[in-house]
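Each chain is listed here by its residues.
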Amino acid sequence: MIDSDDTQPPAPRRGKVLEALTRAERKVFTRPAPKSAKAQMKFLLTRAKGSTKVLAERLGVSRRTVERYRAGKLTTPQKRLQAALVEEIESEWQPQVRAQAREQASTSSGMMVEVTAYFGFTCTGSSDDGRIRTITTPISPPYARQILDLQETGATEEDLHPIVAEAITESYFTEWGTRADGLRADFTHVQAIEFLF
């Protein structure tokens, strides 16, 4: 018998900046999230106020599939369901801890970013030619707020690139406005990126 979670659409693939923001949030968790499919279903059902219908729609499976995992009759979800479970757990796990970290980053501490990408420049006067660079630099609280607000409102990777580039330009390339007046950096071809609250 084929389980109904085989018929799910593939999980959406997020861009590297969005994935890095999600990883940064996971690092602030104070307790590990549920690991087994049964524990994950039970937790998500509490967040869905016990509605198997609501949870089934969120996961893209049937109500019966949700009930079978909750009861422990099914234990090993297919890859797509497993990815959906992880995605939902991470979005619901320890909301207060995540909110505190986001608020602190937005108002006082900012964030750190380490990125390897192709950086190109526009400015008055001369500048280095564009090239692949690995940069580690702080992001100020106002830029952290903009980035986190964009993420929360469902921004795309393309929406986030310009604001992250401005934040990096501010701290790394212009050193908080003390040099390279008018410089604007853009980055593309992100090879790796990590944020730290």
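Reading guide: rules and limits
Residues numbered from 1 in each chain as written. Predicted model: local features only at pLDDT ≥ 70, side-chain atom pairs only at ≥ 80, totals over all residues. Heavy atoms only, no water. Helix = DSSP H or I, 4+ residues; strand = E, 2+ residues; numbered from the N terminus. Buried < 20%, exposed > 50% of the residue type's maximum accessible area, 1.4 Å probe, protein only. Contact = heavy atoms within 4.5 Å. Core = buried A, V, L, I, M, F, W, Y, C linked by side-chain atoms within 4.5 Å. Salt bridge = Lys/Arg side-chain N within 4 Å of Asp/Glu carboxyl O.

Q: Is there a simple way to think about the overall build of the protein chain in this case?
A: Each helix and strand in the protein chain was counted, giving 8 helices and 3 strands. For the protein chain, the sequential pattern of α-helices and β-strands runs α-α-α-α-α-α-β-β-α-α-β. Taken across its 197 residues, the protein chain has 44% of its residues classed as buried. Put simply, of all contacts in the protein chain between residues at least 6 apart along the chain, 70% involve residues at least 24 apart.

Q: Help me understand the nonpolar core, please; the structure alone is not making it clear to me.
A: One broad rule of soluble globular proteins: the nonpolar side chains tend to lie buried together. Counting residues in hydrophobic clusters, the biggest one holds 32 residues, and the most contacted among them are Met111, Val115, Phe119, Ile139, Ile168 and Phe195. Broken down by secondary-structure element, the contributors of at least two residues to this core are helix H1 (16-26), strand S1 (111-122), strand S2 (131-139), helix H7 (141-152), helix H8 (157-173) and strand S3 (184-196). Top contributing element to this core by residue count: H8, with 7 residues. Apart from residues no more than four positions distant in its own chain, Met111 is found in contact with Leu21, Ala105, Thr137, Pro138, Ile139, Ala144, Ile147, Leu148, Phe195, Leu196 and Phe197. One finds Leu44, Ala48, Leu55 and Ala56 within the second-largest nonpolar core, a separate group that totals 20 residues.

Q: Where do I start with the pattern of salt bridges in this structure?
A: Counting across every chain of the model gives 12 salt bridges. For Lys27, the salt bridge is made with Glu194, and the minimal N-O distance between the two is 3.6 Å. Of this pair, Lys27 sits in the loop between H1 and helix H2 (37-47) while Glu194 sits in strand S3; the two residues are 167 residues apart in sequence, bridging distant segments of the chain. Under the relative-accessibility criterion, Glu194 is labelled partly exposed at 32%. Here Arg58 makes a salt bridge to Glu92, at a shortest N to O gap of 3.1 Å. Taken together, the residues Arg58 in helix H3 (residues 52-59) and Glu92 in helix H5 (residues 79-92) connect sequence positions 34 residues apart. Residue Arg58 is classed as partly exposed on the basis of its relative accessible area of 30%.

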